[in-house]
Amino acid sequence: MSISATSHKIGEPVRRREDQRLLTGKGRFSDDVNLPNQVYAAMLRSPHPHARIRAIDSGKALAMPGVIAVFSGSDFIADGMQPIPYNQFTLHPAEMQLPNSDGTPAFTAPCYSIAIDKARYAGEIIAIVIAKTVNLAKDGAEAIEVDYEVLPAVTGTIAAADSKAPRLWDDARSNVCVDADVGAKDATAAAFARAAHVATLTTWIQRVTGVPMEPRAAVGEYDAATQRYTLHAGSGGAVRLKKDLALIFDTPVEKVRVRMDDVGGNFGTRGMIYPEFALVLWAARRVGLPVKWTCDRSEAFLSDFQGRDLAVTAELALDKEGTFLAMRGSNIGNAGGHTGSYTPLQKGVEIMSSLYRMPCANFRARAVVSNTTPTRPYRSSGRPEVMFVMERLIDIAAREFGFDRIELRRRNLLKSSELPYTNPFGMLYDSGDYHAAMDSALKLGDWAGFAGRRADTKVRGKLRGIGAANYVDTATGAPRERAEITVHPDGNVDLVLGIISNGQGHETSFAQLVHEWLGVPLDSVRLITGDTDIVSVGGGTHSGRGMRMGSVVIWNSANEIIAKGKRIAARLMECDPSVIRFADGRFAIENDGQAKSIFEIAAAAEQLKDLPDDLRGPLAAFSDESFNEASFPYGCHVCEVEIDPTLGTLEIIKYSAVDDVGRAVNPMIIHGQVHGGIVQGVGQALMEQCYYDPASGQPLTGSFMDYAMPRADNFPFFDTEISEVPCTTHPLGMRPAGEGGTTPALGVVINAVVDALAEYGVTHIEMPATPERIWRAIHGKSN
Amino acid sequence: MPTVAMTVNGKSVAGNVEGRTLLVQFLREHLQLTGTHVGCDTSQCGCCTIHLNGKGVKSCAVLALACEGADVVTIEGLATGGTADVKLHPMQEAFREHHGLQCGFCTPGMIMSAVDMVKRKGHDLDEKAIRKQLEGNICRCTGYHNIVLAVQAGAAAMKGN
């Protein structure tokens, strides 16, 4: 980072305020929370992907030293505990709906925090053991005897959709929960009938998992006197978690408090409530002591929500010049063992056509359940999958029908003058300069000089390939957000917000906004987010909503504080409010030496007895808004790889990214988001996969020894560039920046790999493109 | 339960531990030094890296009882000065300056590993060497780009110290 911040204002790469504690070991993560007299929970998890629970005998476990209690699903039901209130579809009004084409509602089944009748995936919780230490609780869990009736299991996405597949719910007609037909069927069929060329792709965007480095942990407390539950657990949002827990416990929301401080990564994986959160609170109530649970990494591989897993067949119709006429196909998303979320399916299919001019399209969109760990939105939910499909289809079409890959993109890429543009699924792209982003990325990646570099590589006996991928990323999320700002006479400013930092540096970037708008020192801003006794409203951190929504409610609140401050200053300095100007934290009379600082005004607000009612008391303001428009961040990435044909090993030589964020608040943080996003996307393209044994249904990736994580030596330095074309649907021109790194990364890497292998007649390679797969592709062996 | 005594961050400490207690558990649970993190259970992630008798080790792979008489330094022992005037170690400062951390969970292990790397490999570390040496530390947030820059700068800055 060669550029230093020259101020703390918007647009400056301000170094992070949270770093001091995180660098010195003073961070406070969930497992760092310990309460007096706490006891420990261990979860007994199903070893079977699919099994009916006949009986649970906890006698031996209860007789063990230190074991306090064992609870199972029947205890949970007997206590009147309710299912987890999952929203299967996104609640944002701008999102495309996915109604079943036969008019029936989407299938959903209650999901309890602990298995009641059946285990539907290996790792589902069967019983919870409470003991004096973690080790004693784990020993106790091993001593529980469960009588299972093992049932046939299905884990594959396409296999699960088969009407003859083992069925997870007896009362469902099949494992298919959603079966929608979206777009214009007849128009699309007509366009395909007159097409000169049709490119096709059948692929599976494989199952991966988010792997936040901090394993989940939770401490539950119950106060019998007030009948109040307090959960200490890291999550993407505190308020939603509180509301969900209140529904599970069938208690008023005031009876639940959620607390968290530092959260060690999220990526969507931590975005929704987990069963263990309800279980530690329930157990705390039952045993009368605080209960702590910390997830092992191997347990996380079984029970953390997983992501992606979309089976796609897609076709792209072109005329003889290469103009896109239509696209069609089928997407099947795998929800895993419960009907928890169909969001990735929904968020993907609605932008299948990406940033390209597509007169019509038609897709069948299905969601299935299977005997696998449940899936949820994972960084850029649904979009990396469909961007992969679109960008692969373009490269396939270019190669098969003799077009230049870049010219084919350029011909069909929407121009600024065509925006706003409604895509064939009804999504309205507001603004941007897609051509400029692509041109910048091609320049950054030196596309023009590639031929020379390839020739040099060939001399060394290796293969070089280059790829490009454009993307658009629909940002929606929970629509409502609230900010509360209070200026204190002692020089501090409290900012209360319903958005949790999971590593995005909110204590810095949100403070930059307050600094710029209220003229207060950066370090005077205290960001308060992780305590529902203080934070009343807020949607949490997901779908690029943090800065997008946070900035607006902070802006509104700051403006109200300034308006109030002017009236108080006028009273103090005995002038008319209209002659007061606010700048750099001071209220000054125009063309006069007199001025008061914002903190003097805050003191006056608290002290003056004769102020009007709305000005008396703390100098504070709040803004509570719902954001009903989607935002569409976009950009283009270019990737260059070198492959050793003898070994199939691959090296990323160069990776260049241009991502448009509308207006950058802290470019240092944004570049960091892009770097991390790229690696998560490249990880999926080249190495990561949650493997399930197709015969037994057993998960085979249970630790970092089996699940390939991207490491430092898999990458070069990245060339990332921020583009700032103001967003027309955001009052401050901002677009989200957290997901763009990941969204095009799958497609651009595989496009580069296939380009490198083209001389061997390779037209496509499935993810993850491991050295073995690459070697097989080169040597003509089946994948 | 047997007793174990060692020096941690310059202070003499002792405690009663089970035979199976790991050094990382002793640090976190007995000494409340929660800056050392547990990110996995197979010694892969490196979040728990500390210095044991001057060498970087993963504290999840050492039994507490095996550290009798040892000299241990954790992330809490790296900076100097008091609470009011903390002076970051050059490697900590480099991570801050180069935005080498996001969520901060892998950070203590990364920094302890990086300081150890400089001790073993010297101050003039090139990009490839740093990337290779970071093999035992996993980060999910930063894409490693800024970590590598930070280690390079921190290594150079340590020369003056």
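Residues numbered from 1 in each chain as written. Chains lettered and ligands numbered in written order. Predicted model: local features only at pLDDT ≥ 70, side-chain atom pairs only at ≥ 80, totals over all residues.

## Focus: the overall build of chain A
Of regular secondary structure, chain A possesses 20 helices and 28 strands. For a compact globule of 783 residues, the expected C-alpha radius of gyration is about 28 Å, and chain A comes in at 28 Å, within 12% of that figure. Reported as C-alpha extents along the three principal axes, the dimensions of chain A are approximately 85 × 75 × 55 Å. Look at the contacts in chain A between residues 6 or more apart in sequence, and 80% of them connect residues 24 or more apart. (Helix = DSSP H or I, 4+ residues; strand = E, 2+ residues; numbered from the N terminus. Rg over C-alpha atoms; globule rule 2.2 N^0.38 Å. Contact = placed C-beta atoms within 7 Å.)

## Describing helix H14 (residues 450–459) of chain A
Across the 10 residues that make up H14(A), only a small minority, 0, are buried. Residue Gly461(A) follows H14(A) closely and has a positive phi angle near 80 degrees. (Buried ≥ 20, exposed ≤ 12 C-beta atoms within 10 Å, placed from the backbone.)

## Brief notes about the packing of helix H16 (residues 546–573) of chain A against helix H17 (residues 598–607) of chain A
Helix packing geometry: the angle between the two helix axes and the distance between the axes. Residue and element names in this part refer to chain A. The N-to-C vectors of H16 and H17 enclose an angle of 80 degrees; their axes lie 10 Å apart at closest approach. Between H16 and H17, the crossing angle belongs to the class labelled roughly perpendicular. Residues Gly 565, Ile 568, Ala 569 and Leu 572 of H16 form the contact with H17, whose own contacting residues are Ile 598, Ile 601, Ala 604 and Ala 605. A class-by-class count of the residues in the contact of H16 with H17 yields 7 nonpolar, 1 polar and no charged. (Axes fitted to C-alpha atoms, helices over the stretch in contact; angles between N-to-C directions. Parallel < 35°, antiparallel > 145°, perpendicular 65-115°, else oblique. Nonpolar A, V, L, I, M, F, W, Y, C, P; charged D, E, K, R; others polar.)

## Focus: the interface of chain A and chain B
With 41 residues of chain A at the contact, the number on the chain B side is 46 residues. Sorting the residues of the side of chain A that touches chain B by element identifies helix H1 (19–23), helix H9 (297–303) and helix H18 (667–686) of chain A as the ones contributing at least two each. A per-element tally of the side of chain A that touches chain B places H18(A) first, with 6 residues. Along the lines of polarity and charge, the residues of the side of chain A that touches chain B split into 19 nonpolar, 12 polar and 10 charged.

## What about the packing of helix H11 (residues 383–401) of chain A against helix H19 (residues 745–757) of chain A?
Residue and element names in this part refer to chain A. Close contact between H11 and H19 brings their axes to 7 Å; oriented N to C, the two are set at 30 degrees. Taken together, the axes of H11 and H19 lie roughly parallel to each other. In this structure, H11 meets H19 at a crossing whose hand is right-handed. Contact residues: Pro 384, Met 387, Phe 388, Glu 391, Arg 392 and Asp 395 in H11; Ala 745, Leu 746, Gly 747, Val 748, Ile 750, Asn 751 and Val 754 in H19. Looking at side-chain class alone, the contact of H11 with H19 contains 8 nonpolar, 2 polar and 3 charged residues. (Left-handed = near helix turned anticlockwise from the far one by under 90°.)

## What to know about the domain arrangement of chain A
Residue and element names in this part refer to chain A. Annotation of chain A at the domain level lists domain 1 (403–476 + 630–778) and domain 2 (480–626). In this assembly, 15 residues from domain 1 lie in contact with 14 residues from domain 2. Along the lines of polarity and charge, the residues of the side of domain 1 that touches domain 2 split into 8 nonpolar, 6 polar and 1 charged. (Domains from an automatic or database assignment.)

## Section: the environment of Ala79(B)
Mapped onto the elements, Ala79(B) comes out in the loop between strand E5 (71–73) and helix H2 (90–97). Ala79(B) gets classed as partly exposed once you count the C-beta atoms within 10 Å, which come to 17. It is 15 Å that separates the C-alpha atoms of Ala79(B) and Met110(B), two residues lying 31 residues apart in sequence. For Ala79(B), the contacting residues outside a window of four places in its chain are Thr24(A), Val86(B), Lys87(B), Leu88(B), His89(B) and Gln92(B).

## A word on the pairing of strand E22 (residues 580–583) of chain A
Residues and elements named next belong to chain A. Residue alternation in E22 divides its side chains into a buried set, Ile 580 and Phe 582, and an unburied set, Arg 581 and Ala 583. Across 4 bridges, E22 lies against strand E23 (residues 586–589) in antiparallel orientation. Counted as the bridge partner of Phe 582 is Phe 587 from E23. Linking E22 to E23, which pair antiparallel, is a turn of 2 residues; within it Asp 584 sits at a positive phi near 50 degrees. (Pairing = 2+ DSSP bridges.)

## Some words on the sheet that holds strand E10 (residues 228–233) of chain A
Residue and element names in this part refer to chain A. Pairing is mixed across the open sheet formed by 7 strands, whose spatial order is E3-E5-E1-E12-E9-E10-E11. Since the sheet does not close on itself, it has two edges, and those belong to strand E3 (67–72) and strand E11 (256–259), each with one partner. Mean inter-strand twist for the sheet, computed between neighbouring axes without regard to direction, equals 20 degrees. Here strand E1 (residues 39–45) runs beside strand E5 (residues 125–131); their pairing, made up of 6 bridges, is antiparallel. Along E5, the bridge assignment pairs Ala 42 with Val 129. Here helix H4 (residues 134–143) sits on the sheet in contact with E1, E3 and E5, set at roughly 30 degrees to E1.

## Structural notes on the sheet that holds strand E19 (residues 480–487) of chain A
Residue and element names in this part refer to chain A. Spatial ordering of the open sheet is given by E21-E20-E19-E25, a layout of 4 strands whose pairing is mixed. Looking along the sheet, the strands with just one partner apiece sit at the ends: strand E21 (525–528) and strand E25 (619–626). Put simply, the sheet's adjacent strands are angled 15 degrees from each other on average, direction ignored. Bridge analysis of E19 against E25 gives 8 bridges, and the strand direction is antiparallel. Bridge pairing links Ile 485 to Ala 621 in E25. Sheet strands touched by helix H15 (residues 506–518): strand E20 (493–497) and E21. Its angle to E21, the strand with the most contacts, is close to 130 degrees.

## Some points on the domain arrangement of chain B
All names here are of chain B. When its domains are assigned, chain B resolves into domain 1 (3–77) and domain 2 (90–159). Centre-to-centre separation of domain 1 and domain 2, based on C-alpha positions: 21 Å. Secondary-structure elements contributing two or more residues to the side of domain 1 that touches domain 2 are strand E3 (49–52) and strand E4 (55–58). If you tally residues by element for the side of domain 1 that touches domain 2, the top one is E3, at 3 residues. Looking at side-chain class alone, the side of domain 1 that touches domain 2 contains 5 nonpolar, 9 polar and 1 charged residues.

## Description of the nonpolar core
Residues and elements named next belong to chain A. Ala 41, Val 129, Val 514 and Val 753 are the most contacted members of the largest nonpolar core, which has 282 residues in total. A total of 10 residues in this core trace back to one element, the largest contributor, which is H19. The contacts of Val 514, once residues within four sequence positions are left out, are Val 493, Leu 495, Val 520, Val 525, Ile 554 and Ala 558. Core analysis: the next-biggest nonpolar cluster, separate from the first, contains 5 residues, Phe 267, Tyr 378, Cys 690 and Tyr 692 among them. (Core = buried A, V, L, I, M, F, W, Y, C linked by C-beta atoms within 7 Å.)

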